[in-house]
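# Structural overview for review
Chain by chain, the residues:
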Amino acid sequence: MTAQTVQQGDLVTVIGLEVHVQLETDTKIFCGCSTDQTDEPNENVCPVCLGLPGALPVLNEAAVEAAVKIGKAIDADIPEETRFHRKNYYYPDLPKNFQITQYDEPICQDGDLEISVEGQRRTVTIERAHLEEDPGSLQHVGGGGGIDSADYTLVDYNRAGTPLMEIVTAPDFRSPGEVRAFLAELEEVLEYLGVFDAERDGSLRIDANLSIIPEDEIESDDVTEISDEALAAANRTEVKNISSHKGAEKALAYEETRQKNAIQRGRAVEQETRHWDESRGITVSMRSKEEEKDYRYFEEADLPPLRVSGWKDEISIPELPTARRERFQEEYGLSEEAASKLTSTKQVADFYEDVAGEFDPDLAATWVADNLLGELNYRDMEITDLEGRLEDVMRLVELVADDEITAKNAHETVLRSMLDDGDAPDEIVDREGLGKTGEDEVQQAVVEAIDENPDAVDDYESGDDGAINFLVGQVMQKTGGSADPGDVNQLLRAELEA
Ligand SMILES: Nc1ncnc2c1ncn2[C@@H]1O[C@H](COP(=O)(O)OP(=O)(O)OP(=O)(O)O)[C@@H](O)[C@H]1O
Ligand SMILES: [Mg+2]
Ligand SMILES: [Mg+2]
C-alpha cells in the first residue's frame, strides 16, 4: 500500500476481512444436490450433505474450476496439490458436526487485489483463499426475531454443501471506507469471472476483524507497515453476520468507535466474536473468540489430495475490470468516469463494445453509460434484465446514428417506452409518428410559411431577427413537430436570403 503517515497520539484502525463467496455452480460441492435455495426448505438434501453415516463426498469439478479462476484473477499461487481438512464444531447448521474446508494447504495463496480509494491506487494482500462447504441456514422465529431473542429456530439444509470460497485478506485496511471500496472491486471481479451471482441472497458474507493499535506501538512511520508482533498482540474483535458492502462499512464504523471509546476510557478491548445486528445498527457480543485448537483440524480422509497441475493452465479468465477500464480510456478516448461506468459489469462492457464497434465510441458512450444505464437505474433494473432485447437498443442507436429520429425523441420517448411497455423501437417510432419528416416536405412547409406570413417576412427583412422564430414555429406546426428546429431555422434563412 502507499505510505500514510501516522500522527502523534493517533489510534490506528486495523481491519482484515474473511469474505465468504458462494460459487455459482448447479450442484453442491460434495454431492449432486441442486444449489437452488429458493426451493422448499430441506428439499435439496441427500445423505452426503446431511452428513448421514457412511455417505462419502465427491468433489465437484465446477467448484474447483471457479476457485482456480479466482486464484488467477487475484494473481495467487495455486499449488500443484492441495488438501481438504475437517474443521470440527457443534452447531445446528452443521449436520456432520464438522465442515469440510481447507487448512494449511489452501488452493490459493498470497494473492492481491488493487483498489482505488479517493483516487489513490492501493494493493490489498490476500493471504489465502480456500474452498469449503457452506453450512445450512438458520431462521430465528418469534420473540425479538434476533439470534439472541427468538422463540425458536428453524433449520434449512438446502444451503448445506453449497460451494464457498473463503477469501482472507491481510489486515491491510485502515478505514471502513477502504473496506467498502475493496468489496465493490472484489464483487466486480467475481462477476466478470462468472463464478458469482450478487443478486442471490447471502451470496457474499463477511467476517470483519478490527483492532485499534496505539500509534506508539507502531515502529514504522507508515501505518501500512505494522509488525506481525503488534498485530498479534492487539485484541481484535471479529464481527459476523455481515452480508452487504454497506453493512460492512456501518458495522466497522460502529466497532471502530466502540473500541476507541473503550481505549480512551482506559478499558481493555476483549478479544471476542461479535454479531452485527443490522436492524439495530450495532454489534453485540456473542462469545469469546474461538482459537484454532478448538477446531481440532485434521485431514479429510474421505477425499484424496486434489491435484490441479496441468489442468489449471487450461482454465482461462476474461479481461478484468481494472484492465478493461484502462483500455476503454485509451482505445475509445473515454473519461475515467465513463470508463468506470461502462465496465461496472461484464455485460455492460460487452454491450458497449458492440455498440462502439457498430457506430461511434462517443455516441455509444452516451447511449450506454448515460441514457440506457440511467433509465435502467431509475427503474431499478440491470442490463441482465434486458436479455434478448439488446438488439432493440442497438436498433434504436442505429436510428439516431442514421439521423432518422432526433436524439431527444429517441431517449425520452422510444427508450422509455421500450423499457416500460416492451415494444420494439420501430413500432414506437411509427406509432408516435417520430420519424423525421423528409427534406422535401420540410422545404415545402418553409415555402408555405413564407407565402402565408408576409408581415413576419417584412419584419425579418427590416432587421427584426426575432421574426424568424415565429416562422420556425409555423413550419414546426406544419410538420407535426417532427422537423429539426435548427434545420428549419437555416432553411428559412436560406430561402429568405435567396
Ligand atoms: N490485529 C488485527 N486487527 C484486525 N484484523 C486482524 C488482525 N490480525 C489479523 N487480522 C485479520 O483477521 C483475519 C484472520 O482470519 P483467519 O481466517 O486466518 O483466522 P480466524 O478468524 O482466527 O479463523 P476463523 O476462520 O475461524 O474465523 C484476517 O483477515 C486477518 O487479516
Ligand atoms: Mg475469522
Ligand atoms: Mg477464517
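Residues numbered from 1 in each chain as written. Chains lettered and ligands numbered in written order. Predicted model: local features only at pLDDT ≥ 70, side-chain atom pairs only at ≥ 80, totals over all residues. Heavy atoms only, no water.

Heads up, the rule is: UniProt positions are given in the numbering used here, feature names are shortened, and annotations may be inferred rather than shown by experiment.
The protein is annotated in an unreviewed UniProt entry as Aspartyl/glutamyl-tRNA(Asn/Gln) amidotransferase subunit B from Natronorubrum bangense JCM 10635. Under the UniProt heading Subunit (unreviewed entry), the note attached to the protein is "Heterotrimer of A, B and C subunits."

### Observations concerning the overall build of the protein
Condition: Strands here are runs of E lasting at least two residues and helices are runs of H or I lasting at least four, both read from the DSSP assignment and numbered beginning at the N terminus. Throughout, radius of gyration means the C-alpha value; the globule benchmark is 2.2 Å times the number of residues raised to the power 0.38. Residue exposure (1.4 Å probe, protein chains only): buried if accessible area is under 20% of the type maximum, exposed if over 50%, otherwise partly exposed. By definition in these notes, contact holds between two residues if any of their heavy atoms fall within 4.5 Å. A 1.4 Å probe and the Shrake-Rupley method give the accessible areas. Residues count as covered only by the protein chains that appear here. His is not counted here, nor are the chain ends, while Lys and Arg score as positive and Asp and Glu score as negative. A charged residue contributes its charge at one atom only: NZ of Lys, CZ of Arg, CG of Asp or CD of Glu.
Tallying secondary structure elements over the protein gives 16 helices and 15 strands in all. Radius of gyration (C-alpha) of the protein: 30 Å, far over the 23 Å computed for a compact globule of 498 residues. Expressed as lengths along the three principal axes of its C-alpha atoms, the size of the protein is roughly 100 × 60 × 55 Å. Buried residues in the protein amount to 46% of all 498 residues. By sequence separation, contacts in the protein at least 24 residues apart represent 71% of the contacts at least 6 residues apart. As displayed, the protein has an accessible area near 24300 Å², and 43% of this comes from carbon and sulfur atoms. Separation of charge centres in the protein, based on 45 positive and 113 negative side chains, amounts to 9 Å.

### Observations regarding the site of ligand 1
Quick note on the threshold: Any residue with at least one heavy atom within 4 Å of a molecule or strand is counted as near it. Any pair of N or O atoms that falls within 3.5 Å is considered a polar contact. Within protein, one atom must be able to donate a hydrogen and the other to accept it, and sequence-neighbouring residues count only if both atoms are side-chain atoms. Three classes are used: nonpolar for Ala, Val, Leu, Ile, Met, Phe, Trp, Tyr, Cys and Pro, charged for Asp, Glu, Lys and Arg, and polar for all others, with Gly counted as polar.
Inspection of the region around ligand 1 gives 18 residues, with Glu 18, Thr 169, Pro 171, Ser 211 and Leu 231 positioned closest. Between ligand 1 and Arg 236, the relevant distance is 3.4 Å, taken from an oxygen atom to a side-chain nitrogen or oxygen of the residue. One nitrogen or oxygen atom from the side chain of Glu 238 is found 3.1 Å from an oxygen atom belonging to ligand 1. Summarising the interface, the protein chains cover 81% of the accessible area of ligand 1, which totals 640 Å² for the free molecule. Elements with a contribution of two residues or more to the shell around ligand 1: strand 1 (11-22), strand 9 (163-169) and strand 10 (204-214). Among the residues forming the shell around ligand 1, the class breakdown is eight nonpolar, four polar and six charged.

### Focus: the pattern of salt bridges
Rules: For this document, the term salt bridge refers to a Lys or Arg side-chain nitrogen within 4 Å of an Asp or Glu carboxyl oxygen.
Under the defined criterion, the tally for this structure stands at 44 salt bridges. Put simply, Asp 370 and Lys 341 hold a salt bridge, and the shortest N to O gap is 3.8 Å. Taken together, the residues Asp 370 in helix 9 (residues 361-378) and Lys 341 in helix 7 (residues 336-342) connect sequence positions 29 residues apart. Judged by its relative accessible area of 35%, Lys 341 is partly exposed. Through salt bridges with shared partners, one network takes in Glu 319, Arg 324, Arg 327, Glu 331, Lys 346, Asp 350 and Glu 353.

### Focus: the coordination of the magnesium ion (ligand 2)
Stated formally: In this listing, donors mean N, O and S atoms no farther than 2.8 Å from the metal, or 3.2 Å for Na, K and Ca; water is missing from the atoms, so a site can look incomplete. Every geometry call rests on angle ranges, with four donors termed tetrahedral when all angles are between 85 and 135 degrees, four termed square planar and six termed octahedral when opposite donors are over 155 degrees apart and all others are between 65 and 115, and everything else termed irregular.
For the magnesium ion (ligand 2), the full set of protein donor atoms is Glu 18 (OE), Glu 18 (OE), Glu 238 (OE) and Glu 238 (OE), at a range of 2.2 to 2.5 Å. Seen from the magnesium ion (ligand 2), its six donor atoms lie at angles of 52 to 155°, and the figure they make is irregular. Between the two metals, the magnesium ion (ligand 2) and the magnesium ion (ligand 3), the spacing is 3.6 Å, and Glu 18 donates to both. Highlighted residues: Glu 18 in strand 1 and Glu 238 in strand 11 (residues 237-242), separated in sequence by 220 residues. You'll find Glu 18 and Glu 238 in the same group, each marked buried.

### Here we look at the packing of helix 11 (residues 407-421) against helix 12 (residues 425-432)
Operational definition: Fitted lines through C-alpha atoms serve as axes, helices being fitted only where they are in contact, and the angles separating the N-to-C directions of these axes extend from 0 to 180 degrees. An angle below 35 degrees is treated as roughly parallel, one above 145 as roughly antiparallel, one from 65 to 115 as roughly perpendicular, and anything else as oblique. Handedness of a crossing follows from how the near helix is turned relative to the far one, being left-handed for an anticlockwise turn of less than a right angle and right-handed for a clockwise one.
In contact at an axis separation of 9 Å, helix 11 and helix 12 are set at 125° when each is read in the N-to-C sense. Taken as axis vectors, helix 11 and helix 12 run oblique relative to one another. The way helix 11 lies across helix 12 gives a crossing that is right-handed. On helix 12, the residues touching Thr 413, Val 414, Ser 417 and Met 418 of helix 11 are Pro 425, Ile 428, Val 429, Arg 431 and Glu 432.

### Some words on the sheet that holds strand 4 (residues 98-101)
To be explicit about the condition: Note on pairing: DSSP must find at least two bridges between two strands before they are called paired.
An order of 4-3-14 is seen for the three strands of this open sheet, with the pairing classed as antiparallel. The open sheet terminates on both sides in strands that have one partner only, identified here as strand 4 and strand 14 (298-299). Two elements, strand 3 (residues 85-88) and strand 14, share two bridges in a ladder whose sense is antiparallel. Its bridge partner lying in strand 14, Arg 86 is registered against Phe 298.

### As for the packing of aromatic side chains
Note the following rule: Only Phe, Tyr and Trp rings take part, Trp by its six-membered ring, and two of them pair if their centres are within 6.5 Å. Stacked means planes under 30 degrees apart, edge-to-face means over 60, and tilted covers everything else. To sit over a ring, a charge needs its Lys NZ or Arg CZ within 6 Å of the ring centre and within 35 degrees of the ring normal.
Within the structure shown, the criterion is met by eight aromatic pairs. Aromatic pair Tyr 103 and Tyr 297: ring centres 4.1 Å apart, planes at 15°, arrangement stacked. In this pair, Tyr 103 sits in the loop between strand 4 and strand 5 (108-117) while Tyr 297 sits in the loop between strand 13 (282-288) and strand 14, placing the two residues 194 residues apart along the sequence. Tyr 297 gets classed as partly exposed once you look at its relative accessible area, which sits at 23%. Centroid distance Tyr 295 to Tyr 297: 6.0 Å. Interplanar angle 70°. Geometry classified as edge-to-face. Residue Tyr 295 is classed as buried on the basis of its relative accessible area, which comes to 15%. Cluster of aromatic residues (ring-pair linked, three or more members): Tyr 89, Tyr 103, Tyr 295 and Tyr 297. A cation over an aromatic ring shows up here: Lys 87 above the ring of Tyr 295, its NZ or CZ 4.4 Å from the ring centre.

### Concerning the side chain of Thr 169
Relative to the elements of secondary structure, Thr 169 occurs in strand 9. Not counting chain neighbours up to four residues away, the residues in contact with Thr 169 comprise Gly 16, Leu 17, Val 124, Thr 125, Ile 126, Glu 127 and Phe 182.

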